[in-house]
Amino acid sequence: MFITLEGIEGSGKTTQAGYMVEFLEDTGREYFITREPGGTKIGEKIRSILLDTESKGLTPHAELLLYIADRVQHVQEKILPALSKGLTVICDRYYDATLVYQGYARGLDLKLIQKLHEIVLENPKPDITFLFDLSPEIGLKRAWTRIEKETENSGETRFEEEKLSFHNKVREGYLRLAEREPQRFQIIDAGQTEPEVKKQIIKILESKIGK
Ligand code: TMP
């Protein structure tokens, strides 16, 4: 079972990933939790280039290729082996994020993004994708509150610093993808309280993979 989590900045998906792990542990399932960009040693290095505010000069195509490089490494080194061992894989962001951020929001050709993936990797498709839907005004406020609370400033805020219009395109892009694949996408109203979101997610997991 391959589960991915998607949503705008500050949508709470990473916190909810922790609750999914609790559910899997409580129900005795073996799992592997990971994220993109990152998830491998090489990927974490690529992540710092991608998210660093000092990478402002990165061109949209260079950005796209770095996300794909990260994914190729991650899929080969971690995701495929975990899936073939029968583990439940939870991945915080995946291919849909590239379609939405680099495609819908940055304006790169969606067909090019798809084609490049087809050329360089076997792209396992998620069984369930949770889309944490939220207005960017609220999401960005939450994201900046979290960043300001961090004791060590990571400087990884290149996307949070994008304009509101960029984040609106991200939200719309995700909703469009979800509309195209209603079987795979589970849209979660991330404006609810944390316990309410958790309850909804556990209910979906129970119905999809059992108690
Ligand atoms: P995170 O903060 O949720 O870990 O995600 C890092 C940032 O990278 C987030 O702003 C979304 C962005 N991103 C892309 O632009 N394209 C991608 O393919 C992925 C996986 C993430």
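Look a little higher up for the structure.
Residues numbered from 1 in each chain as written. Predicted model: local features only at pLDDT ≥ 70, side-chain atom pairs only at ≥ 80, totals over all residues. Heavy atoms only, no water.

**Looking at the site of the ligand**
- What surrounds the ligand is a group of 14 residues, the closest being Lys13, Tyr67, Arg93, Thr98 and Gln102.
- Interatomic distance of 2.9 Å between a side-chain N/O atom of Glu9 and an oxygen atom of the ligand.
- Contact distances for the ligand include 2.5 Å between an oxygen atom and a side-chain N or O atom of Thr98.
- Every element with two or more residues in the shell around the ligand is listed here: α2 (41-51), α3 (60-84) and α4 (95-105).
- When its residues are assigned to classes, the shell around the ligand shows six nonpolar, two polar and six charged. (Near = heavy atom within 4 Å. Polar contact = N/O pair within 3.5 Å; in protein donor to acceptor, adjacent residues only side chain to side chain. Helix = DSSP H or I, 4+ residues; strand = E, 2+ residues; numbered from the N terminus. Nonpolar A, V, L, I, M, F, W, Y, C, P; charged D, E, K, R; others polar.)

**Some points on unusual backbone geometry**
- For the bond from Glu36 to Pro37, the omega torsion is -10 degrees, close enough to zero to count as cis.
- Within the secondary structure, Pro37 sits in the loop between β2 (31-35) and α2.
- One non-glycine residue, Arg93, adopts positive backbone phi at about 80 degrees.
- If you trace the backbone, Arg93 turns up in the loop between β3 (88-92) and α4.
- Among the residues examined, Arg93 registers a relative accessible area of 11% and is labelled buried. (Buried < 20%, exposed > 50% of the residue type's maximum accessible area, 1.4 Å probe, protein only.)

**Focus on the environment of Lys45**
- Along the polypeptide, Lys45 turns up in helix α2.
- The spatial distance from the C-alpha of Lys45 to the C-alpha of Asp70 is 9.1 Å, given a sequence separation of 25 residues.

**Details of the side chain of Gln102**
- Structurally, the position occupied by Gln102 is in helix α4.
- If we skip the residues at most four places from it in the chain, Gln102 touches Glu63, Leu64, Tyr67, Ala97, Gly107, Leu108, Ile113 and Phe159. (Contact = heavy atoms within 4.5 Å.)

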